[in-house]
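What the coordinates show
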Amino acid sequence: MGKLQIKIIKSNRKSIALEIRPDMTVVVRAPCWMADWQIHKFVEEKSDWIYQHLEQMAEKQRARNARPKPVPLSLEELQALADEALRVIPERVRYYAPLVGVTYGRITIRNQRTRWGSCSAKGNLNFNCLLMKAPSDVVDYVVVHELCHRLEMNHSPRFWAEVERVLPDYKQAKKWLKENGGELMEQNIN
């Protein structure tokens, strides 16, 4: 796999941590007081873990490169998805809002490149029309996720506990989005 590219970032932190970036650079975040030899020893001790993750990332990259690039959706197709989302999503919001125990404001359907949904401080909800290309349990997960932001405007353990209270199997939908969402977003023409 070749020589590791390691970047060391020292800061006012208590512990040492590793991060592997998409460009295959290994970032080591370490406390200011830690000596370089200690940092290099830590990296050496974690080398099996690092190489295993680098290989997994390289394998995913090879799989992505082998897959044909998604064909962008036409304006007509996006409009059809938006129309479908306007029928489906408000109905799902009306169903889940009482289960979450919240009210909400306006519901807007958008064609976004990076987000599946959002919730404003005023309780207005935005959803991506591309959700209509996802399984219905994924749509429900995004709806519940945004409604739970009416209780917690963060991703704290309390927030995730609320999501799980309403959707005990939410992790499956979250995993589906993580694994397949990028490909759906690539179909956006923006």
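Quick note: structure is the one above.
The following paragraphs examine the structure supplied in this document. (Residues numbered from 1 in each chain as written. Predicted model: local features only at pLDDT ≥ 70, side-chain atom pairs only at ≥ 80, totals over all residues. Heavy atoms only, no water.)

Overview of the overall build of the chain
The number of helices and strands found in the chain is 6 helices and 6 strands. Secondary structure elements of the chain, listed N to C terminal, follow the sequence β-β-β-α-α-α-β-β-β-α-α-α. Relative to a compact globule of 190 residues, whose C-alpha radius of gyration would be 16 Å, the chain shows 21 Å and is clearly more extended. If you line up the chain on its principal axes, its C-alpha atoms span 60 × 40 × 25 Å. Of all 190 residues assigned to the chain, the portion counted as buried reaches 39%. By sequence separation, contacts in the chain at least 24 residues apart represent 52% of the contacts at least 6 residues apart. Here the chain carries 30 positive and 23 negative side-chain charges, and the mean point of each set is 6 Å from the other. (Helix = DSSP H or I, 4+ residues; strand = E, 2+ residues; numbered from the N terminus. Rg over C-alpha atoms; globule rule 2.2 N^0.38 Å. Buried < 20%, exposed > 50% of the residue type's maximum accessible area, 1.4 Å probe, protein only. Contact = heavy atoms within 4.5 Å. Lys, Arg positive; Asp, Glu negative; His and termini not counted. Charge placed at Lys NZ, Arg CZ, Asp CG, Glu CD.)

Re the pattern of salt bridges
Summed over all chains, the structure comprises 10 salt bridges. Taking the shortest distance from any N to any O, the salt bridge between Lys 10 and Asp 36 comes out at 3.4 Å. A residue pair is termed long-range when its members are at least 10 positions apart, and Lys 10 in strand 1 (residues 6–11) and Asp 36 in helix 1 (residues 36–45) qualify at 26 residues. Overall, Lys 10 belongs to the partly exposed group, its relative accessible area being 35%. Among the ionic pairs, Arg 62 bridges to Glu 59, the shortest N-O distance being 2.9 Å. Here Glu 59 and Arg 62 lie together in helix 2 (residues 47–66), a separation of 3 residues that amounts to about one turn. (Salt bridge = Lys/Arg side-chain N within 4 Å of Asp/Glu carboxyl O.)

Some points on a positive patch on the surface
Taken together, the side chains of Lys 60, Arg 64, Lys 171, Lys 174 and Lys 178 make up a positively charged region of the molecular surface. No other element matches helix 6 (residues 170–185), which puts 3 residues into the positive patch. By secondary structure assignment, the location of Lys 178 is in helix 6. Since its relative accessible area comes to 76%, Lys 178 is described here as exposed. (Patch = residues over 30% accessible without salt bridge, like charges linked within 9 Å, V, L, I, M, F, W, Y side chains within 5 Å. Areas by Shrake-Rupley, 256 points an atom, 1.4 Å probe, with all protein chains shown as cover.)

Looking at helix 2
Given a rise of 1.5 Å per residue, 20 residues ought to cover 28 Å, and the 28 Å separating the end C-alpha atoms of helix 2 matches this to within 8%. Listed in full, the buried residues belonging to helix 2 are Ser 47, Ile 50, Leu 54 and Ala 58. Buried residues of helix 2, seen end-on, are gathered within an arc of 65° and therefore sit on one face of the element. Opposite the packed face of helix 2, turned more than 90 degrees from it, sit the exposed residues Asp 48, Lys 60 and Ala 66. (Expected span 1.5 Å × (residues − 1). Arc of directions from axis to C-beta.)

Some words on the pairing of strand 6 (residues 125–128)
Here strand 6 shows two buried faces, one formed by Leu 125 and Phe 127 and the other by Asn 126 and Asn 128. Taken together, the 4 bridges between strand 4 (residues 107–110) and strand 6 define a ladder with parallel strand orientation. Paired with Ile 107 across the strands is Leu 125, a residue of strand 6. One ladder, built from 3 bridges, connects strand 5 (residues 117–119) with strand 6; its direction is antiparallel. Counterpart to Gly 117 in the pairing with strand 6 is Phe 127. (Pairing = 2+ DSSP bridges.)

Observations concerning the sheet that holds strand 6
Spatial ordering of the open sheet is given by 4-6-5, a layout of 3 strands whose pairing is mixed. Across the chains shown, the open sheet's two edge strands, defined by having one partner strand only, are strand 4 and strand 5. Sheet twist, expressed as the mean angle between neighbouring strand axes with direction ignored, is 15°. Each of strand 5 and strand 6 touches helix 4 (residues 136–148); the most contacted strand, strand 6, lies at about 155° to it. (Axes fitted to C-alpha atoms, helices over the stretch in contact; angles between N-to-C directions.)

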